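# Architecture at a glance
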Amino acid sequence: MSIASSWSLPFLRTLFKQQKPLFNLFYHDAISTTTSTTRQCFDNSKTSAKHSYLGRWLKLASRQNEGHKQGQVFIVGAGPGDAELLTLKALRLLQQADVVLFDALVSEDILALIPSKVVKEYVGKRCKKHSFTQNAICKRVVELASNGHIVVRLKGGDPALFARTCEETDALTNANIPFAIVPGITAASGVSAYTGIPLTDRRCAQSVSFMTAHFKDADQWPEMAPMAQNVLKQTMVVYMGLSRLEGLCKGLVHHKVPTTWPVAAIENATSPQQRVITGVLADIHSKVEAANLTGPTLLIFGKVVESRQQVNTLLLHSSEHATTI
């Protein structure tokens, strides 16, 4: 044996002896997928491997692979109807979703932007036409997210205004499901832009308030006395008020609001089917009945109705520049 061999052989033996635990760990990992006899060897080495950093990492990775992915929910405002009023963030989330749960107020143009691979479920509620209860909707959102889906809960207008968002987020919070809210253009802003009726005008209305004509208790009505006082000082925008228009007008007149006070009713706001009916407290209900309004309708009470600007909505619906966006 040469001098080099006599020196190197003991060195190599010592080296492999010192590295034996680590060598065995990788060795047993490598052969664990082979025959049943070698698998028995791997089982015998578990005791030494379970305390190593690599063993712990492999165990954690195995658990993560066995579990399903974390579901997420995005509560997204669809705006008042015109698909081009969607935010870029809303559009991106619609394209990335697994499931979209949408309301009755979401327009067909917006639904057409959702890719065909995305599942769409209707969970709409309209006056006296509730296809789903609010509790059922909350349970469905939680169920889908619990199964690991990316869910977009698509609401007409803005989620912060009369959209029952808090009831759904409470359910998500109780189920420990992460969620986020994406704002949308509320109906009042859309109506103002597409009708030319300003929400404020320093000559007659320095403030504006939004209210709903419907409450959790279907028989409950707004308090007419404070509403009458507010109408005389500011613009009052009433959501979901079509079915109660006559009662609202009579209540305001009863509380000393002049019968000549201006009112506007806007159906299908921001869409090509938009219709605007203007009048006063004394005649707006009869005008609306004659026009046979049936679509989603917003009511505006106030002197701002007389400040209506002559906007050209044809410019807003033109697709001439769509290819440059």
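Within the chain, the secondary structure is distributed over 14 helices and twelve strands. The buried share among the 325 residues of the chain stands at 40%. Residue pairs in contact within the chain that sit at least 24 positions apart in sequence constitute 69% of those at least 6 positions apart. For the chain, the accessible area works out to roughly 19300 Å², and carbon and sulfur atoms hold 56% of it.

Attention now moves to the confidence of the model for the chain. For the chain, the mean per-residue pLDDT works out to 83, and 75% of the residues sit at or above 70. Below pLDDT 50 for its whole length, residues 56–66 participates in three contacts with residues either more than four positions away or in separate chains. Taken together, the stretch residues 321–325 has pLDDT below 50 and engages in zero contacts with residues farther than four places along the chain or on a different chain.

Turning to the packing of aromatic side chains, a few remarks are in order. If you walk through the whole model with that rule in mind, you get three aromatic pairs. Residues Phe-162 and Tyr-239 carry aromatic rings whose centres are separated by 5.0 Å and whose planes lie at 55° to one another, so their mutual orientation is tilted. In this pair, Phe-162 sits in the loop between strand S6 (150–155) and helix H9 (165–174) while Tyr-239 sits in strand S9 (residues 235–239), placing the two residues 77 residues apart along the sequence. Phe-162 sits in the partly exposed class, given a relative accessible area of 34%. Residue classification places Tyr-239 among the buried residues on the basis of a relative accessible area of 8%. Where Phe-210 meets Tyr-239, the ring centres are 6.0 Å apart and the plane angle is 65°; that geometry is what we call edge-to-face. One end of the pair, Phe-210, is in strand S8 (residues 208–212); the other, Tyr-239, is in strand S9, and 29 residues separate them in sequence.

The backbone of Asn-176 sits at a positive phi, close to 55°, despite the residue not being glycine. We note that Asn-268 has phi near 50°; this positive angle belongs to a residue other than glycine. Mapped onto the elements, Asn-268 comes out in the loop between strand S10 (262–267) and strand S11 (275–280). With relative accessibility at 24%, the residue Asn-268 sits in the partly exposed group.

Inspection of helix H11 (residues 224–231) places Met-224, Met-227, Ala-228 and Val-231 among the buried residues, and these make up the whole buried set. Summarising the axial view, the buried residues of H11 lie within an arc of 100°, below the 170-degree limit, and thus occupy one face. Check the buried side of H11 and you find it contacts S8, S9, helix H12 (245–254) and strand S12 (297–301).

On to the sheet that holds S8. An order of S8-S9-S12-S10-S11 is seen for the five strands of this open sheet, with the pairing classed as mixed. A strand with exactly one partner marks an edge of an open sheet, and here the two such strands are S8 and S11. With direction set aside, neighbouring strand axes in the sheet form an average angle of 20°. The strands touched by H11 within the sheet are S8, S9 and S12, with S9 carrying the most contacts at an inclination of about 130°. Contacts from helix H13 (residues 284–291) reach S10 and S11, with the element oriented near 150° to S11.

Across the interface, H12 lies against H13 with an axial gap of 9 Å and an inter-helix angle of 170°. In terms of axis orientation, H12 runs roughly antiparallel to H13. Where H12 abuts H13, its residues Leu-245, Glu-246 and Cys-249 lie against Ile-284, His-285 and Val-288. Among the residues forming the contact of H12 with H13, the class breakdown is four nonpolar, one polar and one charged.

What counts, and where the lines are drawn
Residues numbered from 1 in each chain as written. Predicted model: local features only at pLDDT ≥ 70, side-chain atom pairs only at ≥ 80, totals over all residues. Heavy atoms only, no water. Helix = DSSP H or I, 4+ residues; strand = E, 2+ residues; numbered from the N terminus. Buried < 20%, exposed > 50% of the residue type's maximum accessible area, 1.4 Å probe, protein only. Contact = heavy atoms within 4.5 Å. Areas by Shrake-Rupley, 256 points an atom, 1.4 Å probe, with all protein chains shown as cover. pLDDT = per-residue confidence, 0-100. Phe/Tyr/Trp six-rings, centres within 6.5 Å; stacked < 30°, edge-to-face > 60°. Arc of directions from axis to C-beta. Pairing = 2+ DSSP bridges. Axes fitted to C-alpha atoms, helices over the stretch in contact; angles between N-to-C directions. Parallel < 35°, antiparallel > 145°, perpendicular 65-115°, else oblique. Nonpolar A, V, L, I, M, F, W, Y, C, P; charged D, E, K, R; others polar.

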